[in-house]
Amino acid sequence: MHRELTAHYRLLAAVYRRYVDADFRLAKARNELRALFPVDQVPYRGTIGAPRSPIRRLHEERDRALLRFQSAYVKFKTAKARVHKREASRRIRLLLSFQRE
C-alpha cells in the first residue's frame, strides 16, 4: 500500500472494527430480548425502546459507528484518488516514431 494511504487505511480499519463491535452488541441484545418474550408476544420489530433504553442506546451507537465508517471510507477513497492522480502526473510519456522504408 502507498505510504500516504496507510494513515487513512488504519483509520478505516479501526472505524470498521468499532462498527462491527457495535453491531454485534446490538444483535446480542436483541437475541437476549427475544429470550424474554414468548414467540407469540414479541414486540413489533421496528420499536427500539423508549428514550435512554439500553436497546435504543445500542441502536444509536451502531448508527453513529456506521456514519463514522462511511465518512472514513469516503476520506480513504478521496485520498486514494489523490495519490493515483499525483502518480499519473509523474509518469513519463515517450512518443516514439519510426519511418517505414
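Here the structure is shown first, and the text comes after it.
Residues numbered from 1 in each chain as written. Predicted model: local features only at pLDDT ≥ 70, side-chain atom pairs only at ≥ 80, totals over all residues. Heavy atoms only, no water.

1. Focus on helix 2 (residues 54-90)
Taking 1.5 Å of rise per residue, 37 residues should cover 54 Å, and helix 2 covers 54 Å from first to last C-alpha, within 8% of that figure. Within helix 2 the residues assigned to the buried category are Ile 55, Leu 58, His 59, Arg 62, Ala 65, Ala 72, Phe 76, Ala 79 and Val 83. (Helix = DSSP H or I, 4+ residues; strand = E, 2+ residues; numbered from the N terminus. Expected span 1.5 Å × (residues − 1). Buried < 20%, exposed > 50% of the residue type's maximum accessible area, 1.4 Å probe, protein only.)

2. Side note on the pattern of salt bridges
With the rule as written, the count across this model stands at 5 salt bridges. Residue Arg 86 pairs with Glu 4 through a salt bridge whose shortest N-O separation is 2.5 Å. Here Arg 86, found in helix 2, pairs with Glu 4, found in the segment before helix 1 (6-36); they are 82 residues apart in sequence, far enough to count as distant. According to the relative accessible area criterion, Glu 4 is partly exposed, its value standing at 36%. Asp 23 is paired through a salt bridge with Arg 62; the nearest N and O atoms lie 3.2 Å apart. Here Arg 62 lies in helix 2 and Asp 23 lies in helix 1, a separation of 39 residues in the sequence. A relative accessible area of 18% means that Arg 62 is categorised as buried. When salt bridges with common partners are traced through the structure, they connect Asp 23, Arg 62 and Asp 63 into a single cluster. (Salt bridge = Lys/Arg side-chain N within 4 Å of Asp/Glu carboxyl O.)

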